[in-house]
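Observations on chain architecture
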Amino acid sequence: MPTLPIRIYPDPVLKQVAEKVTRFNDQLTSLANDMAETMYTARGIGLAANQVGVLQRIAIVDVGEEQNERIDLVNPEIVWKEGAVPSEEGCLSIPDYRETVRRNKEIVVQAQDTSGKEFELKAEGLLAICIQHEIDHLNGILFIDHLSRLKRELFKRWLKKRASED
Ligand code: ZN
């Protein structure tokens, strides 16, 4: 399973909305496996297809400490949400930057696996946050898009500083 290059902000593909998956074939399975390998290698807990330059609605998450709680989410949709929690987040597409955003505390998500089988999942804590972050990616939204105006300004300054250091 090869790892895929991760697209880094401000790559425009990160701002695009991914399309619904309609073909459940070997190609989809190997994309999911390659994405998982890429995520584990980068020590991430979630990866959306946009982040490897593929505009298909598929995301991989694994919030387990042993990298053995992988969930493949194809065409995921949040059908119920409740509560609000502060969440300190980072993103493999925005290396070295972390900031706190607000997320729903609990969610119910409906999705398909890579064979097309539908399932429903209730999640809270880190898993709920991670799934919200990844579904955002599929909609072209980054966690920095949830920042307040002030924090957004600070992010832009951080970005400029970083660019001048390279
Ligand atoms: Zn991300």
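Here's a quick rundown of the structure.

Definitions and limits used
Residues numbered from 1 in each chain as written. Predicted model: local features only at pLDDT ≥ 70, side-chain atom pairs only at ≥ 80, totals over all residues. Heavy atoms only, no water. Core = buried A, V, L, I, M, F, W, Y, C linked by side-chain atoms within 4.5 Å. Buried < 20%, exposed > 50% of the residue type's maximum accessible area, 1.4 Å probe, protein only. Helix = DSSP H or I, 4+ residues; strand = E, 2+ residues; numbered from the N terminus. Contact = heavy atoms within 4.5 Å. Pairing = 2+ DSSP bridges. Salt bridge = Lys/Arg side-chain N within 4 Å of Asp/Glu carboxyl O.

**Observations concerning the nonpolar core**
Within the largest apolar cluster, 14 residues are counted, with the highest numbers of intra-cluster contacts made by Leu28, Met35, Met39, Leu47, Ile58, Ile60 and Val74. Those elements that place two or more of their residues in this core are helix H1 (26-41) and strand E2 (58-61). In this structure Leu28 touches Val21, Arg23, Ile58, Val74 and Thr114, once residues within four positions along its chain are discounted. Membership of the second largest hydrophobic core comes to 13 residues, among which are Ala128, Cys130, Ile131 and Ile135.

**Describing the pairing of strand E6 (residues 106-112)**
The element E6 is extensively covered by neighbouring structure, given that six of its seven residues are classed as buried. Pairing geometry for strand E3 (residues 71-82) and E6, over six bridges, is antiparallel. The residue of E6 that forms the bridge with Val74 is Gln112. As paired strands, E6 and strand E7 (residues 118-124) are joined by seven bridges and run antiparallel to one another. Bridging from a neighbouring strand, Ile107 pairs with Ala123 of E7. Linkage of E6 to E7, two consecutive antiparallel strands, is achieved through a turn of five residues, within which Gly116 is found at a positive phi near 100°.

**Re the pattern of salt bridges**
With the rule as written, the count across this model stands at twelve salt bridges. Salt-bridge contacts for Asp136 lead to Arg103; the nearest nitrogen and oxygen are separated by 3.0 Å. A residue pair is termed long-range when its members are at least 10 positions apart, and Asp136 in helix H2 (residues 125-138) and Arg103 in strand E5 (residues 94-103) qualify at 33 residues. Comparing Asp136 with Arg103 shows no difference in burial state: the two are buried. In this structure, the salt-bridge partner of Lys122 is Glu106, at a minimum N-O distance of 3.3 Å. In this pair, Lys122 sits in strand E7 while Glu106 sits in strand E6, placing the two residues 16 residues apart along the sequence.

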